[in-house]
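Chain by chain, the residues:
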Amino acid sequence: MPEVVSFTAPREVALVPCEAPPLLPESVRVRTWYSGISAGTELTAYRGSNPYLTGTWDAERRLFVPGTPTFAYPVEGWGYSEVGEVAEVADGVTAPAVGDVVHGIWGHRSEAVVAAAAVAARVWTGQDALSGTFARVGSIALNAVLAAEVRLGDRVAIFGQGVIGLLATRLATLAGADVIAVDALPRRLEAARAMGALETVPASVEGGAGPVVRGWAPAGVDSAIELSGNDRALHEAVRSVVVDGTVVASGFYQGGAEHLRLGEEFHHNRVRIVASQISGTPVALGPRWGQPRLVRTFMEQVRRGHVDVRSLVSDVVDAVDVAAVFARLDREDPEILQAVLRFPAAPDDA
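Q: Even after reading the chapter, I still don't get the nonpolar core, so can you show me in this structure?
A: Generally speaking, a soluble globular protein has its nonpolar side chains buried in company with each other. F134, I158, L167, I225, F298 and L312 are the most contacted members of the largest nonpolar core, which totals 53 residues. Of all the secondary-structure elements, those providing two or more residues to this core are β3 (27-36), α3 (135-147), β10 (155-159), α4 (163-174), β11 (178-183), α5 (186-194) and α9 (291-303). Top element by residues in this core is α3. It accounts for 8 residues. Once residues within four sequence positions are removed from consideration, I158 is found in contact with G165, A168, T169, A172, V179, I180, A181, V182, I225 and L227. Counting residues in each nonpolar core, the second largest holds 21 residues, with I37, L53, V317 and A339 among its members.

Q: Looking at this model, I keep getting lost on the packing of aromatic side chains. Mind explaining?
A: Two numbers describe a pair of aromatic rings. These are the distance of the centres and the angle of the planes. For the structure shown, the criterion picks out 7 aromatic pairs. Consider the rings of Y52 and F71, whose centres lie 5.1 Å apart with planes at 25°: the pair is stacked. In this pair, Y52 sits in the loop between α1 (39-47) and β4 (56-58) while F71 sits in the loop between β5 (63-65) and β6 (75-76), placing the two residues 19 residues apart along the sequence. Note on Y52: relative accessible area 26%, which makes it partly exposed. Put simply, the rings of F7, Y46, Y52, W57, F64, F71, W78 and F326 pair up and form one aromatic cluster. The ring of Y80 has R136 lying over it, and the distance from NZ or CZ to the ring centre is 5.6 Å. Above the ring of W216, the side-chain terminus of R155 is found at 5.7 Å from the ring centroid.

Q: Which parts of the structure should I look at to understand helix α6 (residues 209-216)?
A: Helical geometry: 3.6 residues make up each α-helical turn, so side chains three or four residues apart lie on a common side. Burial in α6 covers these residues: A209, G210 and V213. Each buried residue of α6 sits inside an arc of 100° when the element is viewed along its axis, so together they form one side. On its buried face, α6 sits against β10, β11, β12 (199-202), β13 (221-226) and α7 (231-240).

Q: Help me understand the pattern of salt bridges in this model?
A: For side chains bearing opposite charge, pairing can occur when the charged atoms are close. Evaluated as defined, the whole model comprises 19 salt bridges. Two residues, D128 and R310, come together in a salt bridge whose shortest N-O distance is 3.6 Å. Pair noted here: D128 is in the loop between α2 (116-119) and α3 and R310 is in the loop between α9 and β16 (313-318), with a separation of 182 residues, a long-range link. With relative accessibility at 38%, the residue R310 sits in the partly exposed group. Sharing partners across several salt bridges, the network here consists of R29, R31, E88 and E111.

Q: What is the right way to read the pairing of strand β8 (residues 101-104) from this model?
A: Regular strands show a simple pattern: their side chains alternate between the two faces of the sheet. With burial as the criterion, each face of β8 is covered, one bearing V101 and H103 and the other bearing V102 and G104. With 4 bridges connecting them, strand β7 (residues 82-89) and β8 associate as antiparallel partners. If you follow G84 over to β8, its bridge partner there is V102.

Q: Please explain the pairing of strand β17 (residues 338-342) as it appears in this structure.
A: Of all 5 residues in β17, 4 are buried; the element is thus mostly enclosed. Judged from the 3 bridges that link them, β3 and β17 form a sheet pairing that is antiparallel. When the sheet's bridge partners are listed, S35 is paired in β17 with L341. Summarising the sheet, β16 and β17 pair through 5 bridges and their orientation is parallel. Of the residues in β17, the one forming a bridge with V313 is Q338. On the question of chirality, the crossover connecting β16 to the parallel β17 by way of helix α10 (residues 322-330) is right-handed.

Q: Could you clarify how one ought to interpret the sheet that holds β11 in this entry?
A: Strand pairing in a sheet takes place through backbone hydrogen bonds and is either antiparallel or parallel in direction. Judged by pairing direction, the sheet is parallel, and its 6 strands sit side by side in the order β12-β11-β10-β13-β14-β15 without closing on themselves. Of all strands in the sheet, those with a lone pairing partner are β12 and β15 (272-275), marking the two edges. The mean angle between the axes of side-by-side strands here comes to 20°, regardless of whether they run parallel or antiparallel. Across 5 bridges, β13 lies against strand β14 (residues 241-249) in parallel orientation. Across the sheet, S223 pairs through a bridge with T246, a residue of β14. Each of β11 and β12 is contacted by α5, which is oriented at about 165° to β12, the strand it contacts most. Where α7 meets the sheet, it contacts β10, β13, β14 and β15, and its direction lies at approximately 150° from that of β14.

Q: Could you clarify how one ought to interpret the packing of α3 against α9 in this entry?
A: For any two helices packed against each other, the geometry is given by the interaxial angle and the distance between the axes. Packing of α3 against α9 brings their axes to within 8 Å, and their N-to-C directions diverge by 105°. Classified by the interaxial angle, the pair formed by α3 and α9 is roughly perpendicular. Facing A135, R136, G138, S139, L142, N143 and L146 of α3, the residues of α9 in contact are Q291, L294, V295, T297, F298 and M299. Tallied by class, the residues present in the contact of α3 with α9 amount to 7 nonpolar, 5 polar and 1 charged.

Analysis parameters
Residues numbered from 1 in each chain as written. Predicted model: local features only at pLDDT ≥ 70, side-chain atom pairs only at ≥ 80, totals over all residues. Heavy atoms only, no water. Core = buried A, V, L, I, M, F, W, Y, C linked by side-chain atoms within 4.5 Å. Buried < 20%, exposed > 50% of the residue type's maximum accessible area, 1.4 Å probe, protein only. Helix = DSSP H or I, 4+ residues; strand = E, 2+ residues; numbered from the N terminus. Contact = heavy atoms within 4.5 Å. Phe/Tyr/Trp six-rings, centres within 6.5 Å; stacked < 30°, edge-to-face > 60°. Lys NZ or Arg CZ within 6 Å of the ring centre and 35° of its normal. Arc of directions from axis to C-beta. Salt bridge = Lys/Arg side-chain N within 4 Å of Asp/Glu carboxyl O. Pairing = 2+ DSSP bridges. Right-handed = clockwise from strand over helix to strand, strands pointing away. Axes fitted to C-alpha atoms, helices over the stretch in contact; angles between N-to-C directions. Parallel < 35°, antiparallel > 145°, perpendicular 65-115°, else oblique. Nonpolar A, V, L, I, M, F, W, Y, C, P; charged D, E, K, R; others polar.

Right, dumping it as structure tokens:
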């Protein structure tokens, strides 16, 4: 019987049986090999802090409003970083084919039926299967770098060196920028250097990381990207940029922002704060960019060996042990970088 990861209550998660989905016209059945955990987003479901669990998202007005929460426990199938093998195709489907390995978004589940068109251009056969789990997080990182308008010769600060922050560090370096990376964990700062950062700063440095970054780039960095989801880090990013500089807020911030003081550097240096979220690309890029191009561009960098995502995988755990890995993520185990769930269909040599 198929299985799916289910968040049943705050800090309660398990792999549970589910019904096998029927094969629909113009669709394919995919048996999951690996599913990457995006800790920032998924911990909001694990902890119960996600705004969809506490309020109603009015999609037409694009507002959170009081009312019955949009989501309620149990929340099943979260996850957006999957790789698997096509096991069955509907009549008339020519791509992908049975046996193709594809990456896509179908959640932490052992099998799924997805539209053939959604994965036809995402065939990953012949590549390292685990690397396919980075398509979505890589797209988020690339979207943030595009929002920061990074150019050759720029100086860029990237706050938060989790997986997405590390990928942003690498992508900004590939774009020709000099990068300074900020994080609280020494292991992540070391990884940032491996990704191309020229300098690193501990987040806990006395006086805050913002002034240290300004000392590295005396007038301030051209732009800063905040990916930790911490409002204190967002404030330090504001302190780090040049007059009229740009800060890209790409973290998933929860609750208030008591450490973001808008009457200080933000006001006096006329700092521009831009939100980056994967549902849209920067307006200035117009119709030329969208989610498919983000995925295609990032994964081509992986395919060519320009971005070493495999080095970021710290844990590959059987899906049945999902509760243990989320407990480690919840207590911010410094040894975890990218955790990946392995499903029974994964071959031994994948």
